[in-house]
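Letter by letter, the chains look like this.
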Amino acid sequence: MRVFCASIATETNTFSPLRTDFSDFAQSFYARPGEHPKTPTLCSAIFPALRARSDAGEIELVEGTATWAEPGGLVKRSTWVRLRDEVLDQLRAALPVQAVILGLHGAMIADGHDDCEGELIEAVRQIAGPAARIGVTFDPHSHLSERRVLNADVITVFKEFPHTDFVETGEACVDLTLRAALGQINPVLSIFDVRMMDVLPTSRAPMRGFVDKMTELEATGAVLSASAIHGFMAGDSPDLGAKIIIVTDNDKTKGDQIARELGHELFSFRGITRPEFLSPEAALTKAAQSQTGPVIIADVWDNPGGGVAGDSTIMLRKAMDMGLTSVALGTIWDPMAVRLCHAAGVGATLDLRFGGKTSAHAGMPIDARVKVRHIALDANQSFGTSIVPLGNCAVIRLGSIDVVLNSNRAQTFSPDLFSNLGIDPMTTKVLIVKSTNHFHGAFAHIAADILYAEVDGPYPHDPAKTHYKNLTRPIWPIVEMPFEEEVA
């Protein structure tokens, strides 16, 4: 059986002041056919899973391009067309194939293309033909369009937020798609539109139990796959919002019923799933009063994983004004400041302006006399088995506060972001991280406490107040009871 795979992935914040072009993909991750590393990236776990099947002699694998850009603003039209056509040309050269498996994110929007993944899957179907089986993986922070559902046979989505199960999700997609291509199963998709947009961390109730329920449905054989799209509130898509995906073995009636039941249960969680969000002052005060450490404070809305720059200075300036000690912040994106620190060298003291460069809502740049504590070329951090590049980095000290400056935008995933750069997270009382919830899995076991700080900035974090141009159907919280409005 001949199988083709490829991966094009990014998450597009259409309200971000940033823009995304090919250089962002090249800087973050770009692997030509056959060049994918042994370790997976967040959206390319299908590659090592398929290689294992190929090594076992089960399939003949043809690899296409795999690429990922750190979440950012609207993708340049020519960049999307280049990557799309690159993969489609590779698929044409690989024909005939019995299966195509794609590792996608699901929230990519380009200038003039509001459903990049749907466009790609539809084109793959036209090229591969109606008999080929098409499997796709998505991040839950994505937009599920009818175009995608009509052209894919299998869709699996990371269940966990933080996305600790991205490898298992890729393996499940590979297994189901190959079984379908062999005629062992006949996968049928059932979709329920939850009509809700909220933050749904699975590391806490009630989402913890909801994920466990989906996993149990799969384990008992009631369904082939159960997934929940959470939606991505910073993407102006007509398909914005949560949706349930159930894959059954040729039993759509059963799948529709399960999808509907899960969808209404998920809708009942509206407004109660978010962790407690504190003001910057309250979060820093509570952390400073803790008798043990480290206390983790998440600056949730200056999260580069949501497509913003990650150069906000608001939390740092507040910590400085409060005179806090034993604090480390990771990270502030500022390539120019990194360059200046590298030129000065470790141990140097210099006047440095850093941060606050890309948005009027992310605080003013900080001007300070700093000491360069550490510099690194091509630094990285881990996210499970994946390696996340940080680019060239520098650690600067202001009083008793250490700040990690990076040249590749990236949210904080792991304590090794700090330890790889000479900061001991276990002896630092307060760690301020730029992340919404992906940090949780790796930090929870070392944290004395975890706090979430709500800092207004360039990320549109309230759908009820966000001016969406492409959203036409009613969803909560824009509409209090969207199902009733639809019937009316």
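The numbers attached to residues start from 1 for each chain and follow its sequence in the written order. This being a predicted model, a pLDDT of at least 70 is required before a residue's local features are given, and a value of 80 or more before pairs of side-chain atoms are given or counted; all residues contribute to the totals for chains, interfaces and linings. Excluding hydrogens and water, the side-chain figures rest on all heavy atoms present in the structure.

(A) Region of the structure containing the environment of His438. What counts as a helix is a DSSP run of H or I of at least four residues, what counts as a strand is a run of E of at least two, and both are numbered from the N terminus. Turning to its location among the elements, His438 is positioned in the loop between β17 (430-433) and α13 (440-443). Judged by relative accessible area, His438 falls into the buried class, the value being 9%. In protein, a polar contact requires one atom able to donate a hydrogen and another able to accept it; more generally it is a pair of N or O atoms within 3.5 Å, and residues adjacent in sequence count only if both atoms are side-chain atoms. Polar contacts involving the side chain of His438 include one to the main-chain amide nitrogen of His163, which spans 3.3 Å. Burial classes: relative accessible area under 20% of the type maximum marks a residue as buried, over 50% as exposed, and values in between as partly exposed (1.4 Å probe, protein chains only).

(B) A look at empty space enclosed by the protein. Using a grid of 1 Å spacing that covers the protein atoms alone, one calls a set of points a cavity when a 1.4 Å probe fits there but cannot get out, and a pocket when the set is open and has protein on both sides within 12 Å along at least five of seven lines; lining residues are those with an atom within 4 Å of a point. Grid points are joined across faces, edges and corners, and a volume is the space filled by probe spheres set on the points. With the rule as written, the count across this model stands at one cavity of 30 Å³ or more. Along its surface, the largest cavity is lined by Asp299, Trp301, Asp302, Ser312, Ile314, His361, Ala362, Val455, Asp456, Gly457 and Pro458. Put simply, Ala, Val, Leu, Ile, Met, Phe, Trp, Tyr, Cys and Pro go in the nonpolar bin, Asp, Glu, Lys and Arg in the charged bin, and everything else, Gly too, in the polar bin. Across the lining of the largest cavity, the residue classes break down as five nonpolar, three polar and three charged.

(C) Up close: the side chain of Ser7. Structurally, Ser7 can be placed in strand β1 (residues 2-9). The class of Ser7 is buried, set by a relative accessible area of 2%. Apart from residues lying up to four places away in sequence, Ser7 is in contact with Cys43, Ser44, Phe47, Thr65, Ala66, Thr67 and Gly103. Working rule for contacts: check all heavy atoms of both residues, and any pair within 4.5 Å makes them a contact.

(D) Fine view of the pairing of strand β16 (residues 401-406). Counting buried residues in β16 gives six out of six residues, a clear majority hidden from the surface. Both faces of β16 are covered, namely the face carrying Ile401, Val403 and Leu405 and the face carrying Asp402, Val404 and Asn406. Linking two consecutive strands that pair antiparallel, namely strand β15 (residues 386-398) and β16, is a turn of two residues; a positive phi of about 65° is found at Gly399 within it. If DSSP finds at least two bridges between two strands, the strands pair.

(E) Here's a closer look at the side chain of His113. Positionally, His113 belongs in the loop between β4 (99-104) and α4 (116-128). Setting aside residues no more than four positions away along its own chain, His113 makes contact with Arg77, Trp80, Val81, Arg84 and Glu119.

(F) Structural view of the pattern of salt bridges. Salt bridges are counted wherever a side-chain nitrogen of Lys or Arg sits within 4 Å of a carboxyl oxygen of Asp or Glu. Applying the stated criterion across every chain, the model contains 28 salt bridges. The shortest N-O distance in the salt bridge between Glu58 and Arg53 comes to 3.1 Å. The closest approach of N and O atoms between Asp153 and Arg125, which form a salt bridge, is 2.8 Å. Highlighted residues: Asp153 in the loop between α5 (146-151) and β6 (154-157) and Arg125 in helix α4, separated in sequence by 28 residues. By the burial criterion, Asp153 is buried, and Arg125 matches it. Among the charged side chains, a salt-bridge network with shared partners connects Arg53, Glu58, Asp175 and Arg179.

(G) Main features of the packing of aromatic side chains. Each Phe, Tyr or Trp ring, with Trp reduced to its six-membered ring, pairs with another whose centre is within 6.5 Å; inter-plane angles below 30 degrees give stacked pairs, above 60 give edge-to-face pairs, and intermediate values give tilted ones. According to the stated counting rule, one finds 13 aromatic pairs in the structure shown. Considering the side-chain rings of Phe192 and Phe483, the 5.9 Å spacing of their centres and the 25° angle between planes classify their relative orientation as stacked. You can see Phe192 sitting in strand β7 (residues 187-193) and its partner Phe483 sitting in helix α14 (residues 482-487), a full 291 residues away along the chain. Of the two residues, Phe192 and Phe483, neither departs from the other in class, the shared state being buried. Between Phe439 and Tyr452, the aromatic rings sit 5.9 Å apart at their centres with planes inclined by 55°, giving tilted as the arrangement. Of this pair, Phe439 sits in the loop between β17 and α13 while Tyr452 sits in strand β18 (residues 449-453), and the two are 13 residues apart along the sequence. Of the residues examined, Phe439 reaches a relative accessible area of 0% and is grouped as buried. Chaining the aromatic ring pairs together yields one cluster made of Phe232, Phe277, Trp301, Phe439, Phe443, Tyr452 and Tyr459. Placement of a charge over a ring requires the Lys NZ or Arg CZ to be within 6 Å of the ring centre, with the centre-to-atom vector within 35 degrees of the ring normal. The ring of Phe22 has Arg82 sitting right over it, with the charged end atom 3.5 Å from the ring centre. The cationic tip of Arg409 hangs over the ring face of Trp333; the distance from NZ or CZ to the ring centre is 5.8 Å.

(H) View of the sheet that holds strand β3 (residues 60-68). Judged by pairing direction, the sheet is mixed, and its six strands sit side by side in the order β2-β3-β1-β4-β5-β6 without closing on themselves. At either margin of the open sheet sits one strand with a lone partner, and together these are β2 (29-31) and β6. When the angles between neighbouring strand axes are averaged without regard to direction, this sheet yields 15°. Against the sheet, α4 makes contact with β1, β4 and β5 (133-138), and its axis sits at roughly 170° relative to β4, the strand it touches most. Docked against the sheet, helix α6 (residues 166-181) engages β1, β4, β5 and β6, running at close to 170° with respect to β5. In this description, a line fitted to the C-alpha atoms serves as the axis of each element, helices being fitted only across the stretch in contact, and the angle between N-to-C directions of two axes falls anywhere from 0 to 180 degrees.

(I) Fine view of the nonpolar core. Side-chain atoms within 4.5 Å are what join buried Ala, Val, Leu, Ile, Met, Phe, Trp, Tyr and Cys residues into a set we call a nonpolar core. Residues Leu50, Ile101, Phe418, Phe439 and Phe443 are the most contacted members of the largest nonpolar core, which totals 67 residues. Beyond its immediate chain neighbours, meaning those up to four positions away, Phe439 contacts Ile296, Ala298, Thr412, Phe413, Val433, Ile450 and Tyr452. If you look at the next biggest cluster of nonpolar residues, it comprises 40 residues, including Val62, Leu102, Leu144 and Val247.

(J) Looking closely at the layout of surface pockets. The computed volume of the largest pocket comes to approximately 610 Å³. Among the elements that line the lining of the largest pocket, the one with the most residues is β15, at four residues. Residue composition of the lining of the largest pocket, grouped by class: 20 nonpolar, 17 polar and five charged. Quantified by volume, the second largest pocket comes out at close to 210 Å³. Of all the secondary structure elements, the ones that give two or more residues to the lining of the second largest pocket are β6 and α6. A breakdown of the residues in the lining of the second largest pocket according to their chemical character gives four nonpolar, three polar and six charged.

Keep in mind that these numbers describe shape and distance, not what the molecule does.
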